[in-house]
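# Examining the three-dimensional arrangement
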Amino acid sequence: MPTARPGYDKLIFELSRPGRHAHSLPECDVPVSDPAQLLPAQHLRATAAELPEVSEVDVIRHYSRLSQMNYGVDTHFYPLGSCTMKYNPKINEDMARLPGFLRLHPLTPADASQGALQLMHELALDLAEVSGMDHVSLQPAAGAQGELAGVLMIRAYHLARGERRTKVLIPDSAHGTNPASTALAGFSVVELKSEANGDVDLLDLERHLGPDVAAFMITQPNTLGLFESKIHQITEMCHAQGVQVYMDGANFNAILGITRPGDLGFDVCHFNLHKTFTTPHGGGGPGSGPVGIKDHLAPFLPTPVVVKDGDEYALDWSRPQSIGKLQAFWGNFGMLVRAWTYIRTMGPDGLRAVSDNAVLNANYVLRRLEDHYDRSAPGPCMHECVVSARRQKKLGITAMDIAKRLLDLGFYAPSTYFPLIVEEALMIEPTETESKETLDEFCDAMIQIAREARENPQVILDAPVTTPVRRLDQTGAARQPRLKWTPPGKA
Ligand SMILES: *Cc1c(COP(=O)(O)O)cnc(C)c1O
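Residues numbered from 1 in each chain as written. Predicted model: local features only at pLDDT ≥ 70, side-chain atom pairs only at ≥ 80, totals over all residues. Heavy atoms only, no water.

On a plain count of helices and strands, the protein chain comes out with 16 helices and 13 strands. By the compact-globule yardstick of 23 Å for 491 residues, the protein chain fits well, its C-alpha radius of gyration being 26 Å. Its C-alpha atoms give the protein chain principal-axis dimensions of roughly 80 × 70 × 40 Å. Long-range contacts, defined here as pairs at least 24 residues apart, represent 71% of the contacts in the protein chain between residues at least 6 apart. Carbon and sulfur atoms provide 55% of the accessible area of the protein chain, an area that totals close to 24100 Å². (Helix = DSSP H or I, 4+ residues; strand = E, 2+ residues; numbered from the N terminus. Rg over C-alpha atoms; globule rule 2.2 N^0.38 Å. Contact = heavy atoms within 4.5 Å. Areas by Shrake-Rupley, 256 points an atom, 1.4 Å probe, with all protein chains shown as cover.)

Given below as structure tokens:
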């Protein structure tokens, strides 16, 4: 990460100088019209737009500098747990930019967009195969929206059977989107206790199951990076009470080609294409969270559904029990092209190797760190490991401090304080795309910080010193965001 240089802290508006510009156009050789003659008064602005007046050099330097301040998988190791920040192969980008895909208008009639519909149909089939589900909708634009779609289908299913079920059970280790999307779908959320290793407490589950429960939602492997070993028992207990079982598939990177949610008894699961299937996690840019379901939920799939009839592909809108449409057009199509490309370039054996290597890498990191940090659970982990800075906290160093110090040592920080059930949690997900050398550099940095916590804690408490900004007031940024730039002197 580059250290601060003059200009780094400036907005492009602050570089503005009256009259400076980046173009030199010839004199206009057609008559100039007066906008006041052409437009109604209410559409005319009273003052000129406050746009920055800058030269081409100003623009290029400004945006090049900003791009260098960026930190991502193309420049650095990114061990953010639960997020699967793996490398995004560049062939995905090439395929998404093929003019036939890139320039296709979403309202192109089916007979002129057969290739795009075929790609969507095949991707849905591939995801169904990988997950053991019967159908997949590609519409949701994020894992969270996949959850919402899944829960809405579950609600529609119970209502169609004349059952009013109002509760959804969610373990206390869950990602925040689980209760959020469930509540958005109109259910009340009941939190279940986890055992110390993140496993579901079966007695607590038994106590809560009943005719008012619509679904049980669980992440597998769980958010401690551990495979819930009693999963068959759990899905059977739920089904015996008419309760649908939802798998949060954000951790799919651990199980590709090894096991399938459909075979474990799940009725619904979502995928995060921007995690497992290498589409970019673009700073707020488009994500994709397809949702897979078993046959009994098929009538409720979001419309339209891409169908194949003989050799022809089409969009099927005539589905009277559908939960409806979730997205403008057909989902984030460019992401679907990237995920299709990834699955086809990897092939079945390649996908299986992804999970084998992701699990191996996480266990390597865990073993190297276990003498220096407290483990959150005994035994091997799946694709990510959670350690606790409990020991360091007694020395006055928190998980947050460790995260900040890592930035100075050249690494993005792991997830901190998640899952909530682990004190001072640091959740590390190395992914399969990192080499042993990179993992060793990261572990060396973590071990150095553990030593500094004992011998030189001030260097951790001062961190970060190499980043464009130091420690920010995160609460202030969330509660009182300043979203509008005010020209100097006009505040
Ligand atoms: C990322 C994640 C989600 C939410 O997915 P988005 O695509 O970010 O909406 C849900 N659950 C878990 C466990 C996750 O890691």
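Let us keep going from here.
Another point: the pairing of strand β8 (residues 305–309). Across five bridges, the pairing between β8 and strand β9 (residues 312–316) is antiparallel. Bridging from a neighbouring strand, Asp309 pairs with Glu312 of β9. The turn linking β8 back onto β9 is made up of two residues, and Gly310 within it adopts a positive phi angle of 65°. (Pairing = 2+ DSSP bridges.)

Lining the immediate environment of the ligand, one finds 13 residues, of which Ser82, Gly143, Asp248, His274 and Lys275 sit closest. In this structure, an oxygen atom belonging to the ligand sits 3.0 Å away from a side-chain N or O atom of Asn272. Taking 380 Å² as the accessible area of the ligand by itself, protein coverage stands at 88%. In terms of residues, the shell around the ligand owes the most to one element, helix α6 (residues 143–160), which gives three residues. Among the residues making up the shell around the ligand, the classes are represented as three nonpolar, seven polar and three charged. (Near = heavy atom within 4 Å. Polar contact = N/O pair within 3.5 Å; in protein donor to acceptor, adjacent residues only side chain to side chain. Nonpolar A, V, L, I, M, F, W, Y, C, P; charged D, E, K, R; others polar.)

This next bit is on the sheet that holds strand β7 (residues 291–293). Taken in spatial order, the seven strands of this open sheet run β1-β7-β6-β5-β4-β2-β3, and their pairing is mixed. Sheet topology places β1 (135–137) and β3 (188–192) at the edges, where each strand pairs with a single neighbour. Taking each pair of neighbouring strands and ignoring which way they run, the sheet shows an average axis angle of 25°. Bridge count for strand β5 (residues 244–248) against strand β6 (residues 268–270) is two bridges, and the pairing is parallel. Bridging across to β6, Met247 finds its partner in Cys269. Lying over the sheet, helix α7 (residues 177–184) contacts β2 (167–171), β3, β4 (213–219) and β5, oriented at roughly 175° with respect to β2. (Axes fitted to C-alpha atoms, helices over the stretch in contact; angles between N-to-C directions.)

Quick look at the side chain of Ser194 now. Assignment of secondary structure puts Ser194 in the loop between β3 and α8 (202–208). Polar side-chain contacts of Ser194 include one of 2.5 Å to the side chain of Asp172.

All right, on to the packing of helix α11 (residues 333–369) against helix α14 (residues 436–455) then. Running from N to C, α11 and α14 cross one another at 30°; their axes reach a closest spacing of 10 Å. Our classification of the angle between α11 and α14 gives roughly parallel. Here α11 runs over α14; the crossing is right-handed. Between α11 and α14, the residues in contact are Asn361, Tyr364, Val365, Arg368 and Leu369 and Lys436, Leu439, Asp440, Phe442, Cys443, Asp444, Met446 and Ile447, respectively. Class assignment for the residues of the contact of α11 with α14 results in eight nonpolar, one polar and four charged. (Parallel < 35°, antiparallel > 145°, perpendicular 65-115°, else oblique. Left-handed = near helix turned anticlockwise from the far one by under 90°.)

It is worth spelling out α6 at this point. Here α6 is 18 residues long and its end C-alpha atoms lie 26 Å apart, about the 26 Å a rise of 1.5 Å per residue gives. Within α6, 14 of the 18 residues are buried, which leaves it mostly tucked inside the rest of the structure. Of the residues trailing α6, Gly162 is marked for its positive phi of about 75°. (Expected span 1.5 Å × (residues − 1). Buried < 20%, exposed > 50% of the residue type's maximum accessible area, 1.4 Å probe, protein only.)

Further remarks concern a negative patch on the surface. Together, Asp111, Asp309, Asp311 and Glu312 make up a negatively charged patch on the protein surface. With a relative accessible area of 64%, Asp111 lands in the exposed category. (Patch = residues over 30% accessible without salt bridge, like charges linked within 9 Å, V, L, I, M, F, W, Y side chains within 5 Å. Salt bridge = Lys/Arg side-chain N within 4 Å of Asp/Glu carboxyl O. Lys, Arg positive; Asp, Glu negative; His and termini not counted. Charge placed at Lys NZ, Arg CZ, Asp CG, Glu CD.)

What follows is about the sheet that holds strand β11 (residues 385–388). Judged by pairing direction, the sheet is antiparallel, and its four strands sit side by side in the order β10-β11-β13-β12 without closing on themselves. Strand pairing shows two members of the sheet lacking a second neighbour, β10 (374–375) and β12 (415–416), which therefore form its edges. As paired elements, β10 and β11 share two bridges and run antiparallel to each other. Within β11, the residue paired with Arg375 across the bridge is Val387. Contacts between α11 and the sheet are confined to β10, β11 and β13 (425–428), with β11 contributing the most and set at about 20° to the helix.

What follows deals with a nonpolar patch on the surface. A contiguous nonpolar surface patch, about 270 Å² in accessible area, is contributed by Leu38, Leu39 and Leu44. Position of Leu38 relative to the elements: it lies in helix α1 (residues 35–38). Note on Leu38: relative accessible area 62%, which makes it exposed.

For the coordinates displayed, the defined rule picks out 12 aromatic pairs. Where Tyr71 meets Tyr78, the ring centres are 5.9 Å apart and the plane angle is 70°; that geometry is what we call edge-to-face. Like Tyr78, Tyr71 is buried. Note on Phe77 and Phe411: the rings are 6.2 Å apart at their centroids and 90° apart in plane angle, and the pair reads as edge-to-face. With a gap of 334 residues between them, Phe77 in the loop between α2 (56–69) and α3 (90–96) and Phe411 in the loop between α13 (399–408) and β12 connect regions that are remote in the sequence. Phe411 shares its class with Phe77; the two are buried. Connected via pairs of aromatic rings, a cluster forms that spans Phe252, Phe271, Phe277 and Tyr342. (Phe/Tyr/Trp six-rings, centres within 6.5 Å; stacked < 30°, edge-to-face > 60°.)

A side chain of one charge can pair with a side chain of the opposite charge when the charged atoms of the two come close. Under the definition given, this model contains 28 salt bridges. Note that Arg319 is salt-bridged to Asp316, the shortest N-O span being 3.1 Å. Ionic contacts of the salt-bridge type, sharing partners, join the residues Arg368, Lys436, Asp440 and Asp444 into one network.

Within the largest apolar cluster, 52 residues are counted, with the highest numbers of intra-cluster contacts made by Leu127, Leu205, Phe216 and Phe277. Listed by contribution, the elements that provide at least two residues to this core are α5 (114–131), β3, α8, β4, α9 (231–240), β5 and α11. Ranked by the residues each element gives to this core, the list is headed by α5, at nine residues. In this structure, Leu205 is in contact with Leu169, Leu192, Val200, Phe216, Ile234 and Met237, ignoring residues within four places of it in sequence. Ranked by size, the runner-up nonpolar core spans 39 residues in total, among them Tyr373, Cys381, Ala389 and Phe442. (Core = buried A, V, L, I, M, F, W, Y, C linked by side-chain atoms within 4.5 Å.)

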